[in-house]
Amino acid sequence: MRLRSEADVQQFLDAVNQCGGDVYLKSPEGDIFNLKSSMSRYIAIGRLIEEQGDTLELFADRKEDQARLMPLVEDLMKNED
């Protein structure tokens, strides 16, 4: 999943803000970015905008949050094609 526009970034952050639990991005190198932390969020969004965005994995602590994020992720990935 790669964010390509300001609208993608805002939509993604709005979805994360609606989550009740923590939401993480994990890089192949093992870096973990908690998207509920402001500092970590800025770094993660930068990575999602860069070429490396396609290699980051998204995790959520709560199943309800996973269900909220999956349609957004699927839609963003569909727009990459």
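Look up: the structure comes first, before these words.
On a predicted model such as this, the values are computed, not experimentally measured, just so you know.

Enquirer: Even after reading the chapter, I still don't get the overall build of the chain, so can you show me in this structure?
Expert: Per the secondary structure count, the chain includes 3 helices and 3 strands. What you see in the chain, going N to C, is helices and strands ordered as α-β-β-α-β-α. Compactness check: the chain gives a C-alpha radius of gyration of 11 Å against a globular reference of 12 Å for 81 residues, within 12% of the reference. Counting only residues that meet the buried cut, the chain has 37% of its 81 residues in that class. Contacts in the chain between residues far apart in sequence, at least 24 positions, make up 58% of those at least 6 positions apart. Entry remark: accessible area of the chain is about 5,000 Å², with carbon and sulfur atoms responsible for 49%. Here the chain carries 10 positive and 17 negative side-chain charges, and the mean point of each set is 4 Å from the other.

Enquirer: How should I be thinking about the sheet that holds strand 2 (residues 32-34) in this particular structure?
Expert: In a beta sheet, neighbouring strands pair by backbone hydrogen bonds and run either parallel or antiparallel. Spatial ordering of the open sheet is given by 2-1-3, a layout of 3 strands whose pairing is antiparallel. Edge positions in the sheet fall to strand 2 and strand 3 (57-60), since each of these pairs with one other strand and no more. Pairwise comparison of adjacent strand axes, ignoring direction, gives a mean angle of 25° for this sheet. Sheet analysis places strand 1 (residues 23-26) next to strand 2, joined by 3 bridges and oriented antiparallel. In the strand pairing of strand 2, Lys 26 is matched with Ile 32. Helix-sheet contacts for helix 2 (residues 38-49) involve strand 1 and strand 2, and the interaxial angle to strand 2 is about 120°.

Enquirer: What is the right way to look at the environment of Glu 6 in this model?
Expert: Its place among the elements puts Glu 6 in helix 1 (residues 6-18). For Glu 6, a relative accessible area of 72% corresponds to the exposed category.

Enquirer: When you look at the layout of surface pockets in this model, what are you seeing that I'm missing?
Expert: The rolling of a water-molecule-sized probe over the atoms marks out the regions of remaining empty space. Taken as a whole, the largest pocket holds about 150 Å³ of empty space. Surrounding the largest pocket, 11 residues form its lining, Glu 57, Leu 58, Phe 59, Met 70 and Val 73 being those nearest its centre. Those elements that place two or more of their residues in the lining of the largest pocket are strand 3 and helix 3 (63-80). Sort the elements by how many residues they give to the lining of the largest pocket and helix 3 lands first, with 5 residues. Of the residues that constitute the lining of the largest pocket, the class distribution is 9 nonpolar, 1 polar and 1 charged.

The rules we used
- Residues numbered from 1 in each chain as written.
- Predicted model: local features only at pLDDT ≥ 70, side-chain atom pairs only at ≥ 80, totals over all residues.
- Heavy atoms only, no water.
- Helix = DSSP H or I, 4+ residues; strand = E, 2+ residues; numbered from the N terminus.
- Rg over C-alpha atoms; globule rule 2.2 N^0.38 Å.
- Buried < 20%, exposed > 50% of the residue type's maximum accessible area, 1.4 Å probe, protein only.
- Contact = heavy atoms within 4.5 Å.
- Areas by Shrake-Rupley, 256 points an atom, 1.4 Å probe, with all protein chains shown as cover.
- Lys, Arg positive; Asp, Glu negative; His and termini not counted.
- Charge placed at Lys NZ, Arg CZ, Asp CG, Glu CD.
- Pairing = 2+ DSSP bridges.
- Axes fitted to C-alpha atoms, helices over the stretch in contact; angles between N-to-C directions.
- 1 Å grid on protein atoms, 1.4 Å probe; cavity = no way out; pocket = protein on both sides within 12 Å on 5 of 7 lines; lining within 4 Å.
- Points joined across faces, edges and corners; volume = space filled by probe spheres on them.
- Nonpolar A, V, L, I, M, F, W, Y, C, P; charged D, E, K, R; others polar.

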